[in-house]
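# Topology and contacts: notes
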Amino acid sequence: MPSETYDVRPIGRVRSPLTDPADAPKQGDEGAPPTEIVLDPEVAAGLRPGDEVLVFTWLHRADREVLAVHPRGDRTRPVTGVFATRAPHRPNPIGLHRVTIADIDGATLTVHGLEAIDGTPVLDLKPVLGPTAER
């Protein structure tokens with residue numbers, strides 16, 4: 001493959017009581033605590049409490065050499081290619097999280113459903129689109 005690079009800059013960081021990936025739920029709907037996303041102030045406009053958004057993160061503590069895993073870390077399940085799983089360890093560890101914004105205080109969003117650990121870089125936010133949502 002050609003050796004291309006792309007610049008991606010974080011627009012914020014996760015502030016969470018979760019500090020160890022081993023203690024984090026596998027998915028946000030599996031007991032993730034209320035979490036804050038602290039955005040850079042210049043990108044914080046346009047969001048409202050109650051909005052559902054997709055949060056794209058860079059899973060900065062992931063092992064980028066992993067190509068196969070036991071799904072959900074369950075050794076009773078057969079090894080599967082990483083692209084057929086939601087495993088955090090992968091060549092480009094981009095996390096995708098569907099969250100609900102509970103509150104906004106300046107550039108700080110309080111969200112529900114985010115299982116990322118404290119300090120995780122936030123790359124982007126996108127609205128969850130429904131059948132009648134504006135595109």
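Above this text sits the structure in question.
Residues numbered from 1 in each chain as written. Predicted model: local features only at pLDDT ≥ 70, side-chain atom pairs only at ≥ 80, totals over all residues. Heavy atoms only, no water.

### As for the pattern of salt bridges
Applying the stated criterion across every chain, the model contains 4 salt bridges. We note a salt bridge from glutamate 36 to arginine 15, for which the minimum N-O separation is 2.6 Å. Here glutamate 36, found in strand 2 (residues 35-39), pairs with arginine 15, found in strand 1 (residues 12-15); they are 21 residues apart in sequence, far enough to count as distant. Using a relative accessible area of 43% as the deciding quantity, one classes arginine 15 as partly exposed. (Salt bridge = Lys/Arg side-chain N within 4 Å of Asp/Glu carboxyl O. Helix = DSSP H or I, 4+ residues; strand = E, 2+ residues; numbered from the N terminus. Buried < 20%, exposed > 50% of the residue type's maximum accessible area, 1.4 Å probe, protein only.)

### Regarding the sheet that holds strand 2
A barrel is described by the order of its strands in space; here 6 strands give the closed sequence 1-2-7-6-3-8, paired in antiparallel fashion. Across this sheet, the average inter-strand angle for adjacent strands is 45 degrees, counted without regard to direction. Across 5 bridges, the pairing between strand 3 (residues 52-58) and strand 8 (residues 121-127) is antiparallel. Each residue of the ladder has a partner; that of threonine 57, found in strand 8, is valine 122. (Pairing = 2+ DSSP bridges. Axes fitted to C-alpha atoms, helices over the stretch in contact; angles between N-to-C directions.)

### Re the environment of histidine 89
Secondary-structure assignment places histidine 89 in the loop between strand 5 (80-81) and strand 6 (94-105). For the pair histidine 89 and leucine 59, spaced 30 residues apart in sequence, the C-alpha separation works out to 8.2 Å. Not counting chain neighbours up to four residues away, the residues in contact with histidine 89 comprise Arg61, Ala62, Asp63, Val66 and Val82. Engagement of the side chain of histidine 89 in a polar contact is seen with the backbone nitrogen of aspartate 63, the distance being 2.9 Å. (Contact = heavy atoms within 4.5 Å. Polar contact = N/O pair within 3.5 Å; in protein donor to acceptor, adjacent residues only side chain to side chain.)

### Topic: the pairing of strand 6
By the bridge criterion, 7 bridges tie strand 3 to strand 6 in an arrangement that is antiparallel. Counted as the bridge partner of tryptophan 58 is isoleucine 94 from strand 6. Of the strand pairs in this sheet, strand 6 and strand 7 (residues 108-112) are connected by 5 bridges, and their pairing is antiparallel. Pairing of aspartate 103 across the sheet is with threonine 110, part of strand 7. Hairpin geometry of strand 6 and strand 7 is characterised by an intervening segment of 2 residues between the two adjacent antiparallel strands and by a positive phi of about 65 degrees at glycine 106.

### Quick notes on the nonpolar core
Core analysis: the largest hydrophobic core is formed by 16 residues, its most contacted members being Ile37 and Leu39. Sorting the residues of this core by element identifies strand 2, strand 3, strand 6, strand 7 and strand 8 as the ones contributing at least two each. (Core = buried A, V, L, I, M, F, W, Y, C linked by side-chain atoms within 4.5 Å.)

### Regarding the side chain of histidine 97
Structurally, histidine 97 is set in strand 6. Classification of histidine 97 by relative accessible area gives buried; the value is 4%. Separated by 3.2 Å, the side chains of histidine 97 and glutamate 115 make a polar contact. Once residues within four sequence positions are removed from consideration, histidine 97 is found in contact with Val53, Leu54, Val55, Thr57, Leu114, Glu115 and Ala116.

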